[in-house]
Structure formats: structure tokens, C-alpha cells
Amino acid sequence: ARSNGKNSYLLFDGQMKLELLEKRKLEEDMKEAFANEDFDLHYQQQVHVPSGSVKGYEALLRWEHPCGTFIPPSDWIPLAEETGHIVAIGDWVLRKACLTAKRWHDDARNAFTMSVNISALQLMQPDFADRVLAIVAETGLNPCLLILELTETLLIQSMETSKNQLNQIRERGVRIALDDFGKGFSSLSYIKQLPIDIVKIDKSFLDHIEHSLVDRAVVESIISLVQRIDMEVVAEGVEDQEQLRILQEIGCHYVQGYYYSRPQPEHIAFPGNAFVS
Ligand code: C2E
Ligand code: CA
Ligand code: CA
Ligand code: CA
């Protein structure tokens with residue numbers, strides 16, 4: 001038994017080293033990808049259900065490793081947050097998304113919104129509001145077309161500071177969305193404490209909405225709550241007609257999901273080519 005214990009300790013130690021090495025490697029690759037501009041943004045439609053028209057798009061980061069494999073954001077964004085790289089990457093994302101939105105607006109003469117994911121680490125930078133407003137001004141995008149998507153996280157320690165930063169940005173017309181609503185423990189406390197304009201219902205509540213009375217009740221309650229306080233609501237991860245029918249019945253006006261479109265590269269997502277009629 002003793003030798004077994006020793007072996008498993010060695011194995012554990014070896015695994016830790018391996019994990020550390022892999023993490024280092026991933027971090028190196030990430031830095032290199034950023035320098036080489038291997039990152040790209042894909043855009044997913046957000047649709048106004050009653051009219052079937054595109055309201056706007058969410059920008060989603062894509063990283064294609066030089067070896068040809070696609071590395072999903074969930075595999076490396078946490079590391080980018082841990083190492084602080086997400087701040088520079090986040091600026092890059094915001095600039096690129098704003099430039100795309102500006103171009104689409106000029107070409108299509110249509111007021112599509114552009115939603116950009118913001119990491120809590122970005123929001124915690126003391127100059128966050130200034131950075132965002134400088135980038136928006138530099139790209140020439142009408143700030144009213146920009147939406148920042150925040151996720152509830154333990155990282156947001158000072159609600160008061162975050163609130164001030166967000167208010168500075170909102171004063172210029174940018175709107176704030178709370179992502180993954182209902183998934184965390186403090187979603188309600190977030191909409192109470194932070195200036196939020198839009199709530200995005202987490203996909204996990206929609207996955208079984210056809211069969212689960214509980215999930216349906218939760219979604220109904222979120223929608224009626226959100227509408228009572230004059231916020232907009234978007235359901236995310238809608239994949240089929242039945243989910244869509246239920247959401248229509250409940251009165252959810254905006255949806256995002258594979259049912260309408262997957263996130264697509266800029267030239268395919270472009271309104272001129274992908275307009276839902
Ligand atoms: P999120 O912000 O909740 O983004 C929605 C995710 O759901 C995206 O995954 C999208 O591709 C996926 N999705 C949309 N519709 C459907 C559907 O109908 N079915 C299914 N199964 N999935 C759907 P993705 O692109 O892998 O991104 C994962 C997460 O990574 C995002 O979740 C967001 O938290 C983070 N992320 C992505 N881009 C950025 C970024 O530029 N900055 C930051 N900070 N985080 C980002
Ligand atoms: Ca999002
Ligand atoms: Ca989400
Ligand atoms: Ca998510």
C-alpha cells in the first residue's frame with residue numbers, strides 16, 4: 001500500500017508538471033497568435049422574432065492554430081484572463097468589431113447593433129471607460145449601435161467602481177447586456193446593482209424548455225421581470241422551431257442561436273448576403 005501511495009504521488013506530480021508545461025505552451029502560442037494576427041472574429045445574428053429581421057450581431061473570438069485546428073474560446077480565454085492578456089486582446093476585439101459594425105452600417109444603411117463580450121478583468125482596469133470610448137470614437141461607430149456583454153463573475157469585486165465605469169460609457173449611448181443570465185448565483189443582485197439595459201437568458205434554460213415545466217416557468221419569470229423594469233431580453237442558444245414557438249408564446253422578442261444562424265466569418269455574415277427576410 002505504501003509503494004502504491006508513492007507511485008500515485010509521483011504520477012500526480014508528473015501530471016502537474018505536464019499540465020504546467022501545456023499551459024506554458026498554450027500561453028506562448030496565444031501570444032504568438034496575437035502578434036501574428038491569427039485571431040479572427042465571427043458574427044452571429046440576433047433576430048427580432050415577430051418581424052424575422054436581424055437586429056444585430058454578437059462578435060465571437062476565433063483562433064485557428066497554425067496546425068489547422070480551431071481552439072474554442074472556452075479552452076483558452078480563461079488562461080488569457082489569468083495571465084492578463086485578455087486586456088490587450090479585448091481592445092483588439094472591440095476595435096475590430098466596431099470597424100465591422102461601422103462598415104456594415106455604411107454599406108447597408110441599416111442600424112445593426114454590435115455586441116462585444118467584455119471580460120471582468122477589462123472592466124476592472126481603472127481606465128476601462130476611457131479606453132472603450134476612445135476606441136469607439138476612433139472607429140467612427142455611432143455608440144448607440146454598440147452593446148457590451150458582461151458575465152456575472154466573482155472577479156467583479158467592487159460593484160461601485162464597475163457601476164461608475166459603466167455609467168460613463170452609457171452616458172454616450174453604449175448599452176450594457178448581462179450575459180448568461182440565471183446561470184450564476186447572483187444574477188438578480190447584478191441587475192439590481194449594475195446599470196443593465198439588456199438581459200441574455202442563458203442557453204441552459206432553453207435546452208429543455210419543451211419538456212421542463214420548471215425551465216419554462218423560469219424563462220417566463222425572467223421575461224416578465226425584465227420587461228417590467230424596461231430592459232430588453234434576448235434568448236440565446238435557440239436551436240429548433242419548437243423552442244422558438246414557445247419563446248414566441250411567452251413573448252420573448254429577440255433570439256440568438258443556431259436555428260437562425262451560426263457565428264460566421266465577416267464576409268458571410270455580412271447583412272447584404274445573410275439578411276433574414
Ligand atoms: P457567450 O458569450 O455566452 O457566447 C455564446 C456562445 O454560444 C458562443 O460560443 C456561440 O457560438 C454559442 N452558441 C450560439 N448559439 C448557439 C446554439 O444555438 N447552440 C449552441 N450549442 N451554441 C450556441 P463560443 O463562440 O464558443 O464562445 C464561448 C464563450 O467564450 C462566449 O460565451 C464568451 O463567454 C467567450 N468569448 C467569445 N468571444 C469572446 C471575446 O471576444 N471576449 C471575451 N472576453 N470572451 C469571449
Ligand atoms: Ca456573449
Ligand atoms: Ca451567453
Ligand atoms: Ca457563456
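Everything below is about the structure shown above.
Sequence positions are assigned chain by chain, starting from 1 and proceeding in written order. Chains and ligands are labelled sequentially in the order written, the chains with letters from A and the ligands with numbers from 1. Local features in this predicted model are restricted to residues of pLDDT 70 or higher, and side-chain atom pairs are both shown and tallied only at a pLDDT of 80 or more, whereas totals for entire chains, interfaces and linings draw on every residue. Excluded from the side-chain calculation are hydrogens and water; included are all heavy atoms of the structure.

Colleague: Where do I start with the side chain of Ser162 in this structure?
Modeller: Along the chain, the position of Ser162 falls in helix α6 (residues 159–170). Contacts described as polar in this section are N or O atom pairs within 3.5 Å, which, within protein, must combine one atom able to donate a hydrogen with one able to accept it, while residues neighboring in sequence count only if both atoms come from side chains. Separated by 2.9 Å, the side chain of Ser162 and the backbone oxygen of Ser158 make a polar contact. Leave out the neighbours within four places in its chain, and Ser162 touches Leu123, Ile156 and Leu194. Numbering goes from the N terminus for both helices and strands, where a helix is a DSSP run of H or I of at least four residues and a strand is a run of E of at least two. Two residues form a contact once any of their heavy atoms are found within 4.5 Å.

Colleague: How do you make sense of the coordination of the calcium ion (ligand 2) when you look at a structure like this?
Modeller: Reference values for angles at a metal are 109.5 degrees in the four-donor tetrahedral case and 90 or 180 degrees in the six-donor octahedral case. Each metal site lists N, O and S donors within 2.8 Å (3.2 Å for Na, K and Ca). With water left out of the atoms, a site can look as if it is missing ligands. The coordination sphere of the calcium ion (ligand 2) contains the protein donors Glu58 (OE), Asn117 (OD1), Glu149 (OE) and Asp179 (OD), at a distance range of 2.1 to 2.4 Å. All donor residues of the calcium ion (ligand 2) come from one chain, and their arrangement in sequence is E-x58-N-x31-E-x29-D. Judged by its relative accessible area of 29%, Asn117 is partly exposed. For every residue, the accessible area obtained with a 1.4 Å probe (protein chains only) is divided by the maximum for its type, and the residue is called buried under 20%, exposed over 50%, and partly exposed between those limits.

Colleague: What is the right way to look at the packing of aromatic side chains in this model?
Modeller: Two descriptors summarise a pair of aromatic rings, namely the distance from one centre to the other and the angle between the planes of the rings. Centres within 6.5 Å make a pair out of two Phe, Tyr or Trp rings, where for Trp the six-membered ring is used; the pair is then stacked when the planes are under 30 degrees apart, edge-to-face when over 60, and tilted otherwise. With the rule as written, the count across this model stands at nine aromatic pairs. On the numbers, 5.2 Å between centres and 80° between planes, the contact of Tyr259 with Tyr260 is edge-to-face. Classification of Tyr259 by relative accessible area gives partly exposed; the value is 31%. By way of ring pairs, the aromatic residues Phe34, Phe39, Trp63, Trp76 and Trp92 are connected into one cluster. Looking at Lys55, its charged tip hangs above the ring of Tyr254, at a distance of 5.7 Å from the centre. Charge-over-ring placement is defined geometrically: NZ (Lys) or CZ (Arg) within 6 Å of the ring centre, and within 35 degrees of the ring normal. The ring of Tyr258 carries the charged tip of Arg262 above its face, separated from the ring centre by 3.8 Å.

Colleague: What is the right way to look at the layout of surface pockets in this model?
Modeller: Gaps left between atoms are located by rolling a probe of water-molecule size over the structure's atoms. Definitions used throughout: a 1 Å grid over protein atoms alone; a cavity as a set of points that fits a 1.4 Å probe which cannot get out; a pocket as an open set with protein on both sides within 12 Å along at least five of seven lines; a lining residue as one with an atom within 4 Å of a point. Grid points are joined across faces, edges and corners, and a volume is the space filled by probe spheres set on the points. Computed from the structure, the largest pocket encloses a volume of approximately 1400 Å³. Forming the boundary of the largest pocket are 42 residues, of which Leu60, Asn117, Thr151, Asp179 and Asp180 lie nearest the centre. When residues of the lining of the largest pocket are traced back to their parent elements, those giving at least two are β1 (39–48), β2 (53–63), α2 (73–82), α3 (86–108), β3 (113–118), α4 (120–123), β4 (146–151) and β5 (175–181). Think of it as three bins: nonpolar holds Ala, Val, Leu, Ile, Met, Phe, Trp, Tyr, Cys and Pro, charged holds Asp, Glu, Lys and Arg, and polar takes everything else, Gly as well. When its residues are assigned to classes, the lining of the largest pocket shows 18 nonpolar, 12 polar and 12 charged.

These values are about where atoms sit, not about what they do.
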